[in-house]
Amino acid sequence: MYLTVHNATKIYGNFTALDSVSIDIEQGEFVCLLGPSGCGKTTLLRLIAGLTELDGGDILLEGEALSDLPARKRGFGIVFQSYSLFPNMTVAENIGYGLKIRGASRSEISRRVNELLELVKLPRVADNFPGQLSGGQQQRIALARAIAVDPRVLLLDEPLSALDAKVRAELRGEIRHVQRSLGIPTLMVTHDQEEALALADKIICMNHGIVVQAGTPEDLYHRP
Ligand code: ADP
Ligand code: ADP
């Protein structure tokens, strides 16, 4: 297994948001966490990202415990639901930000930014500011920024749910294309079953802080 979450537990006060949850993601796999609002999906993603601490259990990346590593040392790419681009930076600066703090040269950053803009099919917006772009375009840029530093895992938290239906369908295809072409192991949180069916190699269904079912879309929904 590439990424393993083993018996993860998260407690807020006296409320158990996650109760001994275990999931696996294999190299190159696209996994969707599916379930109703409040079931603990975002909490699990935040634990994996290192944005919040476990109250029990372990998270392993290629067999190595991540539990004590802070978010910035995990090297994961994250896209959130709402536009989380830096508003005062251009698109190119947003995408190049992670490379810059890692000490990449200007020419290297510029080459990579152009490559990523091509990949997300927005070759001409490098000098625009996020506020000049549509919601769907901003999410494409957020995706480009997340993959700019070659993350070991891509984490997507309802990246499409703030968009209208047409843009959502387009961007769904885009996410799939990018994920497949890079082969990057991906975990996406969604409450939309159709979205999970369209994207996932494996779907993990959650409810009330536990995993209730897991399998391929065929296993879960097309069994005779
Ligand atoms: P989902 O992503 O499935 O909508 P969340 O993981 O956001 O669910 O939340 C799971 C439950 O934990 C919800 O009942 C939510 O209100 C609660 N919760 C999330 N974060 C906190 C927090 N920081 N403090 C207290 N309760 C929280
Ligand atoms: P999402 O839209 O991903 O489900 P929320 O809007 O539920 O996220 O939560 C936003 C922030 O508020 C998160 O940091 C979460 O941990 C916190 N939070 C969520 N539910 C509660 C709660 N019941 N009490 C305190 N904090 C909460």
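- As recorded in an unreviewed UniProt entry, the protein goes by Sulfate/thiosulfate import ATP-binding protein CysA and comes from Roseovarius halotolerans.

**Considerations on the packing of helix α4 (residues 106-119) against helix α5 (residues 135-147)**
Stage number 1. The contact between α4 and α5 brings their axes to 10 Å, and the two run at 135°. On the basis of their axis angle, the class for α4 and α5 is oblique. Here α4 runs over α5; the crossing is right-handed. Here R112, L116, L117 and L119 of α4 come into contact with α5, specifically with I141, A144 and I147.

**Some details on the packing of aromatic side chains**
Stage number 1. Taken as a whole, this structure holds 1 aromatic pair when the rule is applied.
Stage number 2. A cation over an aromatic ring shows up here: R145 above the ring of F86, its NZ or CZ 4.8 Å from the ring centre.

**What to know about the sheet that holds strand β5 (residues 64-65)**
Stage number 1. Taken in spatial order, the 4 strands of this open sheet run β2-β1-β4-β5, and their pairing is antiparallel. Looking at which strands have only one partner, the edges of the open sheet turn out to be β2 (15-25) and β5.
Stage number 2. One ladder, built from 2 bridges, connects strand β4 (residues 56-61) with β5; its direction is antiparallel. Among the inter-strand pairings, L60 is bridged to a residue of β5, identified as A65.
Stage number 3. Packing of helix α1 (residues 41-49) onto the sheet brings it into contact with β1 (3-12), β2 and β4, and relative to β2 it is tilted by some 65°.

**Focus: helix α3 (residues 91-101)**
Stage number 1. For α3, the complete set of buried residues consists of V91, N94, I95, G96, G98 and L99.
Stage number 2. Structurally, α3 contributes buried residues whose contacts are with α4 and α5.

**Quick look at the sheet that holds strand β7 (residues 153-157)**
Stage number 1. Ordered by their spatial adjacency, 6 strands build an open sheet running β6-β7-β8-β3-β9-β10, and the pairing between neighbours is mixed. The sheet terminates laterally at β6 (76-79) and β10 (210-215), the two strands that pair on one side only. Going across the sheet, the axis of each strand differs from the next one's by a mean of 20°, ignoring polarity.
Stage number 2. As paired strands, strand β3 (residues 30-34) and strand β8 (residues 186-190) are joined by 5 bridges and run parallel to one another. Looking across to β8, one finds that F30 is bridged to T186.
Stage number 3. The strands touched by α5 are β6 and β7; relative to β6, the strand with the most contacts, the crossing angle is about 170°.

**Quick look at the nonpolar core**
Note on soluble globular proteins: their nonpolar side chains tend to be buried together.
Stage number 1. Formed by 41 residues in total, the largest nonpolar core has its most connected members in I95, L117, I141, L143 and L156.
Stage number 2. Among the secondary structure elements, those contributing two or more residues to this core are β3, α3, α4, α5, β7, α6 (165-182), α7 (193-199) and β9 (202-207).
Stage number 3. In terms of residue count, the dominant contributor to this core is α5 (6 residues).
Stage number 4. If we skip the residues at most four places from it in the chain, I95 touches V113, L116, L117, I141, A144, R145 and A148.

**Focus: empty space enclosed by the protein**
Stage number 1. One pass over the full model with this rule turns up 1 cavity of 30 Å³ or more.
Stage number 2. Lining the largest cavity we find V79, Q139, L143, L156, P159, L160, L171 and I175.
Stage number 3. Breaking the lining of the largest cavity down by element, the ones donating at least two residues are α5 and α6.
Stage number 4. Broken down by class, the residue content of the lining of the largest cavity amounts to 7 nonpolar, 1 polar and no charged.

Thresholds, definitions, all that
- Residues numbered from 1 in each chain as written.
- Chains lettered and ligands numbered in written order.
- Predicted model: local features only at pLDDT ≥ 70, side-chain atom pairs only at ≥ 80, totals over all residues.
- Heavy atoms only, no water.
- Axes fitted to C-alpha atoms, helices over the stretch in contact; angles between N-to-C directions.
- Helix = DSSP H or I, 4+ residues; strand = E, 2+ residues; numbered from the N terminus.
- Parallel < 35°, antiparallel > 145°, perpendicular 65-115°, else oblique.
- Left-handed = near helix turned anticlockwise from the far one by under 90°.
- Contact = heavy atoms within 4.5 Å.
- Phe/Tyr/Trp six-rings, centres within 6.5 Å; stacked < 30°, edge-to-face > 60°.
- Lys NZ or Arg CZ within 6 Å of the ring centre and 35° of its normal.
- Pairing = 2+ DSSP bridges.
- Buried < 20%, exposed > 50% of the residue type's maximum accessible area, 1.4 Å probe, protein only.
- Core = buried A, V, L, I, M, F, W, Y, C linked by side-chain atoms within 4.5 Å.
- 1 Å grid on protein atoms, 1.4 Å probe; cavity = no way out; pocket = protein on both sides within 12 Å on 5 of 7 lines; lining within 4 Å.
- Points joined across faces, edges and corners; volume = space filled by probe spheres on them.
- Nonpolar A, V, L, I, M, F, W, Y, C, P; charged D, E, K, R; others polar.

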